[in-house]
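Given next are the chains, with one letter for each unit.
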Amino acid sequence: MRASQGMPKRSPLGAWLDRKQDLFISSILLVVALSAISGLVVITAFIFKEGLPIMLQVGVGKFVSSSDWYPAEGHFGIFPMIMGSLAVTAGALVIGGVLGLGCAVVLTQFCPRWAVSILKPSIELLAGIPSVVYGFIGVVILVPMIRVHLGGPGLSVLASSIVLGIMMLPTVTSISVDALQAVPKAYRDGSIALGATHWQTTRMVILKASRSGLVAAMILGMGRAVGETMAVIMVAGNTLDVPDSILAPVRTLTSNIALEMGYAAGDHRKALFATGVVLFVIIMILNTIALTVSRRRSRRKSGA
Amino acid sequence: MTAQHKIHSKDLNLWYGDFHALKDVSIAVRDRMITAIIGPSGCGKSTLLRCFNRMNDLNAAVRVQGGLFLDGQDCYGARLPLTQLRKRVGMVFQRPNPFPLSIFDNVAYGPRVHGVTGKDRLAEIVEQSLASTALWDVLKDRLWEPALDLSAEQQQRLCISRLVAVEPEVLLMDEPCSALDPIATEHIEELMRTLAEKYTIIIVTHNMQQAARISKETGFMLLGELVEFGQTEQVFTNPRDKRTEDYVTGRYG
Ligand SMILES: Nc1ncnc2c1ncn2[C@@H]1O[C@H](COP(=O)(O)OP(=O)(O)OP(=O)(O)O)[C@@H](O)[C@H]1O
Ligand SMILES: [Mg+2]
């Protein structure tokens with residue numbers, strides 16, 4: 001029986017045309033993909049080309065571990081900025097991660113569906129507010145509050161962390177909500193049917209089932225925090241010391257580039273590109289750590 | 001109701017919004033044996049089953065009226081908290097739904113939820129529960145592998161082990177074999193017969209042979225009503241109601 005062969009038989013010409021069409025579309029897609037990737041490669045290559053020589057000239061170790069940043073005298077050490085970026089990002093991750101995840105859990109597990117469909121877009125809307133506005137609110141409200149109630153200059157790691165934490169809320173919340181909503185209802189039902197409470201179900205099943213999505217939310221939020229510049233410049237204080245408390249002012253890698261690029265020339269300018277290289281590497285390392293952690297945890301013997 | 005009735009309902013009515021899904025259902029399920037509920041699609045079998053462990057409560061549109069009793073105790077009363085009711089009346093779902101955790105954690109989940117913490121105690125419960133579904137020998141070296149890697153039959157067995165681990169009294173099974181092949185189905189049926197020595201089992205099934213094979217008593221539902229309830233043999237060979245007869249002889253639908 002012909003019909004049992006499943007596929008209708010095409011004439012050789014038709015088959016040839018089909019193959020031609022497939023080839024055509026896949027080559028277009030290939031070109032698009034390649035140009036997107038090559039764009040990234042070109043940018044990366046450019047930053048490295050501009051930044052790497054001065055780094056090698058100063059010495060990579062000295063460049064990242066020295067605290068002397070006197071561009072006019074040819075001293076390029078960005079250790080304080082690295083610490084600044086790490087401190088501010090960690091702080092932001094604590095604040096934004098906890099708030100964002102909490103927000104997503106409440107929205108998906110303890111709110112009716114219609115409430116989610118209103119609240120989630122409103123939170124996402126916050127992502128559209130320009131960062132300078134966040135910085136401005138930080139300077140006007142947050143910084144004086146910290147100065148008066150906690151001491152220090154107010155412009156500080158803490159202020160930057162709070163501002164950045166709030167700025168990454170939309171990203172973290174939105175992606176976490178998606179991850180939590182993607183958990184099959186059957187898991188929840190199975191847990192509830194065993195006599196678990198909603199909270200136990202959320203904590204012990206739903207959060208675990210959506211772990212990889214939640215890690216992705218954190219990574220993307222973190223990316224936003226590491227890369228943010230304007231708002232941080234406004235509330236961080238931008239001094240060149242390694243911060244010794246969360247109330248101390250800091251300068252981040254991004255702020256360093258933005259603050260000095262306007263007038264830098266020669267080696268100074270190249271050193272700013274080198275700062276960019278370090279930023280690039282840090283982001284790569286953070287992402288790799290986050291990804292490995294999430295993979296390891298899902299394979300871990302989760303006995304404890 | 002007499003003492004040997006594990007669960008009984010009295011004039012149970014249920015609405016999904018305006019839709020009257022259960023109409024005056026009065027059923028008395030006896031202890032330590034298998035009771036089957038059959039009926040055409042959409043007649044309310046699953047809805048009735050979900051009443052017994054109050055899973056319908058998760059749906060805000062559902063309204064329930066009438067009495068429901070476990071060992072004579074009101075299931076909606078304050079003396080039987082919801083989590084306790086669900087611990088005592090467990091449920092196996094149509095599609096196997098192990099959690100995306102390790103095999104061990106799946107079985108240990110229920111005990112943990114109900115406050116068992118000791119590592120040794122948990123390991124003991126896991127071993128016993130897996131043994132009760134004949135999984136222990138197969139899986140004892142794979143306890144930390146993801147439960148989702150198991151075959152469909154093993155997953156369904158695991159779901160039953162997970163239930164057994166909280167020491168329930170009643171097992172509700174909503175078409176537990178419909179996602180399984182005939183051989184796996186046979187294995188699960190065998191398992192159910194063994195479990196019926198210790199537990200009260202209520203199974204919803206579309207498969208009339210299955211109901212006839214494994215159950216002692218059978219209820220036939222139609223359009224939200226419990227049309228007939230009695231000894232399985234009597235329901236299948238000598239039904240009292242014309243509608244039951246039409247259904248079991250295949251004349252319905
Ligand atoms: N969540 C719900 N909201 C509204 N109506 C529902 C809901 N669940 C079930 N129903 C309706 O209630 C009736 C009984 O449904 P139920 O799932 O209990 O039937 P069933 O006998 O289990 O059917 P099947 O054999 O197909 O599983 C059906 O008419 C169905 O459309
Ligand atoms: Mg059903």
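Provided above is the structure to which this section pertains.
### As for the overall build of chain A
Assigned secondary structure in chain A consists of 12 helices and 2 strands. Relative to its length of 304 residues, chain A is extended, with a C-alpha radius of gyration of 25 Å against a globular reference of 19 Å. With the C-alpha coordinates of chain A rotated into their principal frame, the extents come out at 90 × 60 × 40 Å. Burial statistics for chain A: of 304 residues in total, 40% are counted as buried. Contacts spanning at least 24 positions in sequence make up 72% of the contacts within chain A whose residues lie at least 6 apart. When the accessible area of chain A is evaluated, it comes to approximately 16200 Å², of which 71% is carbon and sulfur surface. Of the side-chain charges in chain A, 25 are positive and 13 negative, and the distance between the mean point of each set is 16 Å.

### Thoughts on the site of ligand 1
All names here are of chain B. As a structural note, the neighbourhood of ligand 1 is formed by 14 residues, with Ser41, Gly42, Lys45, Ser46 and Thr47 the closest of them. Here a nitrogen atom of ligand 1 and a side-chain polar atom of Tyr16 are 3.4 Å apart. Here Glu175 contributes a side-chain N or O atom positioned 3.4 Å from an oxygen atom of ligand 1. Within the complex, 63% of the 630 Å² of free accessible area of ligand 1 lies under protein. Every element with two or more residues in the shell around ligand 1 is listed here: β2 (19–30) and α1 (45–52). Top contributing element to the shell around ligand 1 by residue count: α1, with 3 residues. Grouping the amino acids of the shell around ligand 1 by side-chain chemistry returns 5 nonpolar, 7 polar and 2 charged.

### What about the interface of chain A and chain B?
How big an interface is tends to be stated in terms of accessible area lost as the parts join. At the junction of the two partners, chain A supplies 23 residues and chain B supplies 27 residues. Summing both sides of the interface, chain A and chain B together bury roughly 2000 Å²; the carbon and sulfur share of this comes to 68%. Taken together, the connections running from chain A to chain B amount to 0 salt bridges. If you look at where chain A meets chain B, you find 4 residue pairs in polar contact (both at pLDDT 80 or more). For the side of chain A that touches chain B, the secondary structure elements donating two or more residues are α7 (185–193) and α8 (198–209) of chain A. Examining the composition of the side of chain A that touches chain B, we find that 8 residues originate from one element, α7 of chain A, more than from any other.

### Remarks on the nonpolar core
Ranked by size, the top nonpolar core spans 50 residues in total, and within it Ile38, Tyr109, Met173, Met192, Leu195 and Ile201 of chain B carry the most contacts. Sorting elements by how many residues they give to this core places helix α7 (residues 182–195) of chain B first, with 5 residues. When neighbours within four sequence positions are excluded, Met192 of chain B is seen to be in contact with Ile34, Met173, Ile201, Ile203 and Ile214 of chain B. Ala193 of chain A together with Val25, Val62 and Leu70 of chain B belong to the second largest nonpolar core, which has 32 residues in total.

### A closer look at α1 of chain B
For the α-helix, the turn length of 3.6 residues means that residues three or four positions removed from each other point alike. Residues and elements named next belong to chain B. Along α1, 6 of the 8 residues are buried, which leaves the element largely enclosed by surrounding structure. Taken residue by residue, α1 has Lys45, Thr47, Leu48, Leu49, Cys51 and Phe52 as its buried positions. Phi turns positive one or two residues past the end of α1, at Arg54, with a value near 55 degrees.

### Digging into the packing of α7 of chain A against α8 of chain A
A pair of packed helices is captured by two measures, namely the crossing angle of their axes and the spacing between those axes. Residues and elements named next belong to chain A. Relative orientation of the contacting elements α7 and α8 amounts to 145 degrees, with a least axis distance of 10 Å. Between α7 and α8 lies a crossing of right-handed hand. Contacts between α7 and α8 involve Tyr187, Arg188, Ser191 and Ile192 from the former and His198, Thr201, Val205, Ile206 and Ala209 from the latter. Looking at the contact of α7 with α8, its residues break down into 5 nonpolar, 3 polar and 1 charged.

### Looking at the pairing of strand β7 (residues 170–174) of chain B
Residue and element names in this part refer to chain B. Counting buried positions along β7 yields 5 of 5 residues, so the element is predominantly enclosed. Side chains Val170, Leu172 and Asp174 of β7 all project onto a buried face; the interleaved residues Leu171 and Met173 project onto the opposite face, where all are buried too. Relative to β7, strand β6 (residues 89–92) runs parallel, the two sharing 4 bridges. Counterpart to Val89 in the pairing with β7 is Val170.

So, how was this worked out
- Position labels on residues start from 1 in each chain and follow its written sequence.
- To read the labels, note that chains go from A and ligands from 1, taken in the order they are written.
- Only residues with pLDDT of 70 or above have their local features reported here, since the model is predicted, and side-chain atom pairs are shown and tallied only from 80 upward, although totals for entire chains, interfaces and linings are computed over all residues.
- No hydrogens and no water enter the side-chain calculation; it runs on all heavy atoms of the structure.
- Put simply, DSSP marks the helices as runs of H or I at least four residues long and the strands as runs of E at least two long, and each gets a number from the N terminus on.
- Radius of gyration: over C-alpha atoms. The globule rule applied is 2.2 Å multiplied by the number of residues raised to the 0.38 power.
- For the exposure calls, accessible area comes from a 1.4 Å probe over protein chains only, and a residue counts as buried if that area is under 20% of its type's maximum, exposed if over 50%, partly exposed in between.
- Residue contacts follow a heavy-atom distance rule, with two residues in contact if any of their heavy atoms lie within 4.5 Å.
- Exposure was quantified through the Shrake-Rupley algorithm and a 1.4 Å probe, taking into account, for residues, occlusion by the shown protein chains and nothing else.
- Positive residues here are Lys and Arg, negative ones are Asp and Glu, while His and the chain termini are left out of the count.
- Just so you know, the charge point we use is NZ for Lys, CZ for Arg, CG for Asp and CD for Glu.
- Residues are counted as near a molecule or strand when any one of their heavy atoms sits within 4 Å of it.
- Polar contact criterion, stated in full: a pair of N or O atoms within 3.5 Å, where within protein one must be able to donate a hydrogen and the other to accept it, and residues adjacent in sequence count only if both atoms are side-chain atoms.
- Charged residues are taken to be Asp, Glu, Lys and Arg, nonpolar residues to be Ala, Val, Leu, Ile, Met, Phe, Trp, Tyr, Cys and Pro, and polar residues to be all remaining types, Gly included.
- The term buried area denotes the loss of accessible surface (1.4 Å probe radius) that occurs when two parts are joined, taken as the sum for both partners.
- Throughout this description, the term salt bridge denotes a Lys or Arg side-chain nitrogen within 4 Å of a carboxyl oxygen of Asp or Glu.
- Residues grouped as a nonpolar core are buried Ala, Val, Leu, Ile, Met, Phe, Trp, Tyr and Cys residues, joined through side-chain atoms within 4.5 Å.
- Every axis in this analysis is a line fitted to C-alpha atoms, fitted for helices over the stretch in contact. Angles between the N-to-C directions lie between 0 and 180 degrees.
- Crossing handedness follows the turn of the near helix against the far one: under a right angle anticlockwise gives a left-handed crossing, and clockwise gives a right-handed one.
- Only strands joined by at least two bridges in the DSSP assignment are considered to pair.

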